[in-house]
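Structure assessment
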Amino acid sequence: MGCGAWGQRQDSPGRDTSQSSGRPHPARAPPGARPCSPKHFGRDAMVCVCNATYCDTLDPVVLPAAGTYIKYESSKAGKRLERSQGSFQHSLRAPGLLLMLDVSVLYQRVKGFGGSLSDAAALNILGLSQPAQDNLLCSYFSEYGIEYNLVRLPMACSDFSVRPYSYDDVPYDYELKHFSLAEEDVKMKIPLLHRASAMSRRPLALYASPWTAPAWIKSNRDVRGTGTLRGRAGDKCHKTWANYFIKFLDEYAKHNVSFWAVTVQNEPRARNPTFPQFPTISFTAEQQRDFIVHDLGPALARSPHRTRLLILDDQRTHLPQWAETVLGNSTAAGYVAGVAVHWYLDGIVSATCSLGVTHKLFPDHFLLYTEACNGFLSRQFSVALGCWERGERYSHSILTVLNHFVTGWTDWNLALDLQGGPNWVKNYVDSPVIVDSSKDVFYKQPMFYHLGHFSKFIPEGSRRVGLRSIHQNPSCPLERVAFLRPDGAVVLVVLNRSGDGLGGGDTAHSPLSPSRSPGPAGMCHSGSATPALVSSRPFLQQTPSRRTCGGSSDTGQGWGQHGAVGGSPGASYSPRPFQHPSMMGEGGDLVQEGSPQHQGLRVLLTLGSPHG
């Protein structure tokens, strides 16, 4: 069954009226769209249930008519990318929150959003019936889903495998004559990649990361556990390990799969006494620099593959020092395209002091978040079905790092089982999709929909633009980011994590309607307890002229004000900040202002609201 061939509402799984949120489903779902089939696991913990005959879907994104908007809303109360539409107000004057776009201020270009096809993810997907597999893949990759375009793959095993292995376990095979892909690649991951690619209207960008090397070139003589590469950069072991990357790319190419990038090593500084068998190769920044200069960089350059190289692939606590060590060497910097970052220790060091400083020092090397998950190191609740807060953490992270020059964000496992595995070292975690193969169902968690508010509406090639707020309420801190899409539309994403809601989710009225009803992105209203996420995309009739200047602010925002844009090459601004005609007014009303040539405004809005 292909994308878009989902069953009718009466076939939907998990339909138990005692578990329903109590809200009516939209009477007229748009063509192609199917509503969530909810299942609750305690108060406010809701998943959407999918099986072989039914799965919730989205309509393909289409720009609305000029002067109107389309809204997609998710909420803790049960909405999941629920669609509605309305028209703009004009010239509203109000003391409430105002968000103003400045499309003359341009920052980083987006690579995309996605997840990882680990062995565990592949096993769980293939544990479903073929029609249920199609529904899961379509949910992630098709225009009826959230349209991922990034896919990360481990090179050989990770901890999220059922066994430790490498691609060449024949001792001292320095010429790699016995190198071969595993069954996990040939029978599981490669077929799934082809199916996902066939479903996607966007090109998929694949990148690979090694966890461990063959035992015979590791200092601990074991695929498992922590060890360094034997010897030093430039010697036989290091040359062999560099050629291992090329062999991997060669073998996947034989299956018509190419890779946009590879990272040098997954978590080269990982030290986890809780899981002593966790497979990894340890590098210092100096060792990674030298391996790139003498071995991996030249090997990739000589190969027929146009595969880019990313360094670090570890916590941002190592920035900017790691980048200074590696990219401070001009030879290494010439081989490296970007810096890969994991989210697990983000609370230890600010985004400004790590990501912001790294971008300022090395603006020609992009930043990419390559791994994140909830439930790690949790003995009791690795998987928390329906947990809204775990989705909220994803949105908070994505908004924060996008405002600090990061070009994309990749989740960890695409799908896990009810335990959060399989994982051969028992390092169980959560996933946006949880599979129960015994019932041939899978659960789409709030994390899935939070990710969708970004991945579906911010395509590759979008540029972050200036955004500021007026009359910000200190008790209602709104996190936000805006992007100019390649098609000229603008995406605005706003998250409210305060104890006050944004209003506008009440089904009794239409948010952002021509009449002044409480809207989705206005002032915080008392009595509301759930955070919200908002995205909008105004269609721009024209873009104002730009000129280049430098610098970066602590917030990652730039407004042409003194000290606000700093010295960042590629950032642009107008000496007189252009006020885009789309502004959020009191109560969240969308207001259209500006000169006549900017009046043809079209918006697609996605919103996560505290209300049902």
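Regarding the overall build of the protein chain
If you tally the helices and strands in the protein chain, you get ten helices and 28 strands. When the 612 residues of the protein chain are sorted by exposure, 64% land in the buried category. A separation threshold of at least 6 residues defines the contact pool for the protein chain, and within that pool the share at least 24 residues apart is 75%. Put simply, the protein chain shows about 21600 Å² of open surface, and 50% of that area lies on carbon and sulfur atoms.

Looking at the state of the cysteines
On inspection of all chains with the given rule, the structure shows two disulfides. The residue that forms a disulfide with C50 is C55, at a sulfur-sulfur distance of 2.1 Å. Classification of the bridge connecting C50 and C55 rests on its S-S torsion, roughly 65°, and on that basis the disulfide is right-handed. The class for C50 is buried, based on a relative accessible area of 0%.

Points about the pattern of salt bridges
Enumeration over the complete set of coordinates arrives at 23 salt bridges. The salt bridge involving K187 is made with E183; its shortest N-O contact spans 3.8 Å. Within this pair, K187 and its partner E183 are both found in helix α3 (residues 183–199), separated by four residues, close to a single helical turn. Among the salt bridges present, the one from D346 reaches R316, with a minimum N-O distance of 3.3 Å. Placement of the pair is D346 in the loop between β14 (338–342) and α8 (351–361) and R316 in the loop between β13 (308–315) and α6 (321–327), with a sequence separation of 30 residues. Since its relative accessible area comes to 14%, D346 is described here as buried. The class for R316 is buried, based on a relative accessible area of 5%. Three or more residues joined by partner-sharing salt bridges are found here, namely E143, E147, R201, R202 and K456.

Description of the nonpolar core
Among the nonpolar cores identified, the biggest contains 139 residues, and L117, Y167, F248 and W409 are the most heavily contacted of them. The element best represented in this core is helix α4 (residues 236–253), accounting for nine residues. Filtering out sequence-adjacent residues up to four positions away, F248 remains in contact with M155, Y167, F179, L181, A208 and F259. If you look at the next biggest cluster of nonpolar residues, it comprises 13 residues, including V103, L467, L478 and A482.

Describing the environment of Y54
Following the sequence through the fold, Y54 ends up in the loop between β2 (46–50) and β3 (68–75). For Y54, a relative accessible area of 0% gives the class buried. Once the C-alpha coordinates of Y54 and S37 are considered, the two residues, 17 residues apart in sequence, prove to be 8.6 Å apart. Engagement of the side chain of Y54 in a polar contact is seen with the backbone oxygen of P35, the distance being 2.6 Å.

Thoughts on the sheet that holds strand β15 (residues 366–371)
Strand pairing in a sheet relies on backbone hydrogen bonds, with the paired strands running either antiparallel or parallel. If you walk around this closed barrel you meet the eight strands as β7-β8-β9-β11-β13-β14-β15-β16, and the pairing is parallel. Averaged over all pairs of adjacent strands, the angle between their axes in this sheet comes to 25°, without regard to strand direction. Taken strand by strand, α4 contacts β8 (150–155), β9 (205–210) and β11 (261–263), and its axis lies near 125° from that of β8.

So, the packing of aromatic side chains
Per the counting criterion, the structure on display carries 29 aromatic pairs. Taking 6.4 Å as the distance between ring centres and 40° as the angle between the ring planes, the aromatic pair formed by Y172 and Y174 counts as tilted. Ring pairs connect the aromatic residues Y167, F179, W241, Y244, F245, F248, Y252 and F259, which therefore count as one cluster. If you follow R163 out to its NZ or CZ, it ends over the ring of Y165, 4.1 Å from the centre. Taking NZ or CZ as reference, R464 lies 4.0 Å from the ring centre of Y107, over its face.

Topic: the pairing of strand β21 (residues 478–484)
Counting buried positions over the seven residues of β21 gives seven, a clear majority of the element. Both faces of β21 are covered, namely the face carrying L478, R480, A482 and L484 and the face carrying E479, V481 and F483. As defined by bridge partners, strand β20 (residues 463–470) adjoins β21 across two bridges and the pair is classed as antiparallel. Its bridge partner being in β21, R463 is matched across the sheet by L484. Pairing of β21 with strand β22 (residues 490–496), which is carried by seven bridges, proceeds in the antiparallel orientation. Bridged to L484 within β22 is V490. The hairpin turn running from β21 into β22, its antiparallel successor, is five residues long, and G488 in that turn takes a positive phi close to 90°.

Rules used throughout
- Residues numbered from 1 in each chain as written.
- Predicted model: local features only at pLDDT ≥ 70, side-chain atom pairs only at ≥ 80, totals over all residues.
- Heavy atoms only, no water.
- Helix = DSSP H or I, 4+ residues; strand = E, 2+ residues; numbered from the N terminus.
- Buried < 20%, exposed > 50% of the residue type's maximum accessible area, 1.4 Å probe, protein only.
- Contact = heavy atoms within 4.5 Å.
- Areas by Shrake-Rupley, 256 points an atom, 1.4 Å probe, with all protein chains shown as cover.
- Disulfide = S-S within 2.5 Å.
- Salt bridge = Lys/Arg side-chain N within 4 Å of Asp/Glu carboxyl O.
- Core = buried A, V, L, I, M, F, W, Y, C linked by side-chain atoms within 4.5 Å.
- Polar contact = N/O pair within 3.5 Å; in protein donor to acceptor, adjacent residues only side chain to side chain.
- Pairing = 2+ DSSP bridges.
- Axes fitted to C-alpha atoms, helices over the stretch in contact; angles between N-to-C directions.
- Phe/Tyr/Trp six-rings, centres within 6.5 Å; stacked < 30°, edge-to-face > 60°.
- Lys NZ or Arg CZ within 6 Å of the ring centre and 35° of its normal.

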